[in-house]
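# Secondary and tertiary structure notes
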Amino acid sequence: MSAATLAGLTGAALVGFGLYGLLTDPHPLRKILAFNILGSGVFLLFGIIARKGAAAGFTADPVPQAMVITGIVVAFSATALAVALLLRLFQETGRATLDPDASAKTPDAGADG
Amino acid sequence: MLAMALALATTGGGYLLVLAVIVPVIGMLLSLVVGGRHAERIALALMPAGLGLSLAIAIEVWVTGQPLVYILGGWKPPLGIALRADGFSAVMLVTAALVIAAAGYFARASFSTPPELAEKRAPLAFWTLLQGLWAALTVVFLGGDLFNLFVALELLTFSAVPLVCLDGRPETLAAALRYLLFALFGSVLYLLGTALLYGSYGTLDIALLAYRISAEPVVAPAVCVAAGLMTAGLLAKAALFPLHLWLPPAHANAPAAASAVLSALVVKASFFLIVRLWFDVMPGLATQAVTTVLATLGAAAILFGSVLALRQARLKLLVAYSTVAQIGYLFLMFPLVTGGHPWSAEAWNGGVMQTLSHAFAKAAMFLAAGLVAEQLGHDRIAELRGIGRAMPMTVFAFGLGGLSLMGLPPSGGFAAKWLLLQASVESGQWAWAVIMLAGGLLAGGYVYRVIAPTLASASVAVKAPASRRREGVALALALGAVLLGFAPEGFFDLLQIGRPVAAVALR
């Protein structure tokens, strides 16, 4: 198995794990983490595409690398915004879930989780 | 090949596209740096400039009959990035500039900082985010590169989400977080699709990609997967049924001016990209079967959203569920446009007309609902009796917007639904016509539910007489939706400029 194939399979597995977590996990914080795992899988895929050098026949195409850097910045900002919203939600309501019917957790239990 | 060469060179008037992007970006950055009470002045001063630029772009496209192109820095695709404006982009730019200017003018009452008051964070955030949203929308409508469009979509999300929770109430925070999670799901799928497309064709430029994809005898599997991923991602952001769950709480809880912009423009940006993707990038893939799936989801959205709108107890939630339904209409255009048939142009005009008229009508209705909620201190529909006497202009604006949603003449909504109806009858796809008529009846039902009690002769306690100016803004937007019904033939010629028919007709 070549390194590129291994990287490709790893990327696909990360995308799969992330997607599963994002869709099934009810906790916002875990959804945010799943989004980051999914994002890592996508960035890995960009890396392989750079290696493939489809654009110009280079040994390594720099364009996907530029895209990955932009993508990481965007994912970082998105994560920061999501965590900030979640923290504020926890401060206001004492719970860190999106389900309005869920009973409010005690601040201690929430801080551990 | 001639069209290809045209799409890769800067045209006369191309610099207008750059200015249209730069103006709101400069406003956003300046507001952030100068801050405080100046943000409002900067935003309101730049809005007429942006509107003027959008109009100049629309006129230039109309007069030349060709899309405008600007190649950034002279670097041609595949390496460089192009900005392009066709007829659809031009009318969306003008609509966005008008709705944002109206929302900004309306929002002065809630988010202005007079000299005698101390500066606060909420107004600064509002004006900065509003300009960020405007900048992102402009790039979405003009961007010619799929990765550039990804960045624009993210900027749009990051501006729209905080607008939802500006007042910091817990329910708005939860709504904003849910909105953000749906949007992130959408954007990461979109990004995965762009990775696959770049890997297969070595470019993300829309014109170049379309040319390379159509040059192949069969559609590559990577293109199918990419199309599926990107469409699913964009559908989550456009809130098409069954991915609409985030929309009603987010749009109903935001401040009125923000709700208007979110419902009128932000969901349309993702719809705009789906249109770009299916009709510009990969027209060969837009078969009857695939587009029927999109339209079926749209039909489900119309019925489901309208029925839920009928059952809402709160006015702003009713308007938000009506957005879920009206987004459904947009997707009915797909099976009717596809394939270069005689009725395709009609269906395209109908789809674009629906996008524009819903933008004006829904912005008017959200502003009107916001005024009612402010005057009464609540927006429970059951307790709206007699409000029509206290604030007739607001109720009239809401009614005019509703007229367009129902598709009654004379209104833009009527023109849109009439064109789509004609196309569905001509193409023999009767099912869409039945859904459209049923949706119109249901819309009539939920608009009547609001209007009927307001006209009752009961006395109602309002806090203070509503500001005439703000009522006027809502009414002007509603009149915009009505005026679209009187659009001359030349307007439809503008919508057709740059519509990708050639690629479809070849197949």
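One numbering rule holds for all chains: residues counted from 1, following each sequence as written. Chains carry letters from A onward and ligands carry numbers from 1 onward, assigned in written order. Reporting of local features is limited, given that this is a predicted model, to residues whose pLDDT is at least 70; pairs of side-chain atoms are given and counted only at 80 or more, and all residues count toward the totals for whole chains, interfaces and linings.

## Observations regarding the overall build of chain B
Strands are runs of DSSP state E lasting at least 2 residues, helices are runs of H or I lasting at least 4, and numbering of each runs from the N terminus. Helices and strands together make up the secondary structure of chain B, namely 22 helices and two strands. Relative to the globule expectation of 23 Å for 507 residues, the C-alpha radius of gyration of chain B, 22 Å, shows essentially globular dimensions. If one aligns the C-alpha atoms of chain B with their principal axes, the spans along those axes are about 70 × 55 × 40 Å. Burial is judged by counting the other C-beta atoms within 10 Å of a residue's own C-beta: 20 or more makes it buried, 12 or fewer makes it exposed, and any count in between marks it as partly exposed, with every C-beta position built from the backbone. Looking at the 507 residues of chain B, the share that counts as buried comes to 63%. Expressed as a percentage of contacts within chain B between residues at least 6 apart in sequence, the contacts between residues at least 24 apart total 81%. When we talk radius of gyration, it's over C-alpha atoms, and the globule rule is simply 2.2 Å times the number of residues to the 0.38. What counts as a contact is two residues whose backbone-derived C-beta atoms lie within 7 Å of each other.

## Points about the overall build of chain A
Of the regular secondary structure elements, chain A holds four helices and zero strands. Taken from the N to the C terminus, the helices and strands of chain A come in the order α-α-α-α. Within chain A, buried positions represent 34% of all 113 residues. Across chain A, every contact between residues at least 6 apart in sequence was considered, and the portion connecting residues at least 24 apart equals 41%.

## So, the interface of chain B and chain A
Where the parts come together, the accessible area they lose is often given as the size of the interface. On the chain A side, the residues contacting the 23 residues of chain B number 31 residues. Counting only elements with at least two residues in the side of chain B that touches chain A, the list comes to α6 (146-164) and α7 (170-201) of chain B. Element by element, the count of residues in the side of chain B that touches chain A is highest for α7(B), at 16 residues. Three categories are distinguished: nonpolar for Ala, Val, Leu, Ile, Met, Phe, Trp, Tyr, Cys and Pro, charged for Asp, Glu, Lys and Arg, and polar for the others, with Gly belonging to the last. Tallied by class, the residues present in the side of chain B that touches chain A amount to 19 nonpolar, two polar and two charged.

## Some thoughts on the nonpolar core
Residues and elements named next belong to chain B. In terms of nonpolar packing, the biggest core is built from 240 residues, with V99, V140, V261, A363, A364 and L367 touching the most fellow members. Broken down by element, this core gets its largest block of residues, 22 residues, from α7. Apart from the residues lying within four places of it in its own chain, the contact partners of A363 are V99, A102, A103, A260, A264 and L477. Note on terminology: a nonpolar core is any set of buried Ala, Val, Leu, Ile, Met, Phe, Trp, Tyr and Cys residues joined through C-beta atoms within 7 Å.

## A closer look at the pairing of strand β1 (residues 68-71) of chain B
Residue and element names in this part refer to chain B. Here β1 shows no split at all, with L68 and Y70 on one side and V69 and I71 on the other all buried. The pairing of β1 with strand β2 (residues 82-85) spans four bridges and is classified as antiparallel. Across the sheet, the residue bridging to V69 is R84, located in β2. Strands pair, by our definition, only if DSSP identifies at least two bridges between them.

## Section: the confidence of the model for chain B
Confidence per residue, as judged by the predictor, is encoded in pLDDT with a range of 0 to 100. For chain B, mean pLDDT is 89; residues scoring 70 or higher make up 97% of the total. Of the two predicted TM-score estimates for the complex, the pTM is 0.92 and the ipTM is 0.88.

## Focus: the environment of P26(A)
All names here are of chain A. By secondary structure assignment, the location of P26 is in the loop between α1 (3-24) and α2 (28-52). Note on P26: 10 C-beta atoms within 10 Å, which makes it exposed. Measuring from C-alpha to C-alpha, the distance between P26 and T97 comes to 7.7 Å, with 71 residues separating the pair along the chain.

## Describing unusual backbone geometry
All names here are of chain B. Note that the residue after F241, namely P242, is joined by a cis bond; omega there is 0°. In this structure, P242 sits in the loop between α9 (221-238) and α10 (247-253). Here P409 and P410 are connected by a cis peptide whose omega angle stands at -5°. If you trace the backbone, P410 turns up in the loop between α17 (392-406) and α18 (412-426).

## Let's talk about the environment of A12(A)
All names here are of chain A. Here A12 shows up in helix α1. The exposure class assigned to A12 is partly exposed, which follows from the 13 C-beta atoms found within 10 Å. The sequence separation of A12 and L44 amounts to 32 residues, and the corresponding C-alpha distance is 8.9 Å.

## Topic: the packing of α17(B) against helix α20 (residues 468-483) of chain B
Helix packing for two helices is described by the angle between their axes and how far apart those axes are. Residues and elements named next belong to chain B. All axes are obtained by fitting lines to C-alpha atoms, using only the stretch in contact for helices, and the reported angles, taken between N-to-C directions, cover 0 to 180 degrees. Contact geometry for α17 and α20: axes closest at 8 Å, N-to-C directions at 20°. The angle between α17 and α20 falls in the class roughly parallel. For the crossing formed where α17 meets α20, the hand is left-handed. Touching M393, T394, F396, A397, L400, G401 and S404 of α17 are E471, A474, L475, A478, L479, A481 and V482, all from α20. Here the residues of the contact of α17 with α20 sort into 10 nonpolar, three polar and one charged. When an angle is under 35 degrees it counts as roughly parallel; over 145 it counts as roughly antiparallel; between 65 and 115 it counts as roughly perpendicular; any other value is oblique. Note on convention: near helix rotated counterclockwise from far helix by under a right angle means a left-handed crossing. Clockwise means right-handed.

## Considering helix α5 (residues 121-142) of chain B
Helix span, as expected, comes to 1.5 Å for every residue beyond the first. For α5(B), spanning 22 residues, the distance from its first C-alpha to its last is 32 Å, which sits close to the expected 32 Å at 1.5 Å a residue. Counting buried positions along α5(B) yields 19 of 22 residues, so the element is predominantly enclosed.

## Points about the environment of L79(B)
With respect to the helices and strands, L79(B) occurs in the loop between β1 and β2. Residue L79(B) is classed as exposed on the basis of its C-beta count, with 12 C-beta atoms lying within 10 Å.

## Details of the confidence of the model for chain A
Low pLDDT means the predicted coordinates in that region are not meant to be read closely. Predicted confidence across chain A gives a mean pLDDT of 82, with 81% of residues reaching 70 or more. Confidence over residues 102-113 of chain A falls short of pLDDT 50; this stretch has 14 contacts with residues more than four positions distant or in other chains.

## Points about α18(B)
Residue and element names in this part refer to chain B. Here α18 contains 15 residues, and its C-alpha end-to-end distance of 21 Å stays within 8% of the 21 Å for a straight helix at 1.5 Å per residue. Across the 15 residues that make up α18, a large majority, 11, are buried. Taken as a whole, α18 has its buried residues at G412, G413, F414, A415, A416, K417, L419, L420, L421, A423 and S424. Those residues of α18 hidden inside the fold are in contact with α14 (333-337), α15 (344-376), α17, α19 (430-454) and α20. Once α18 ends, the next one or two residues include G428, with phi positive near 80°.

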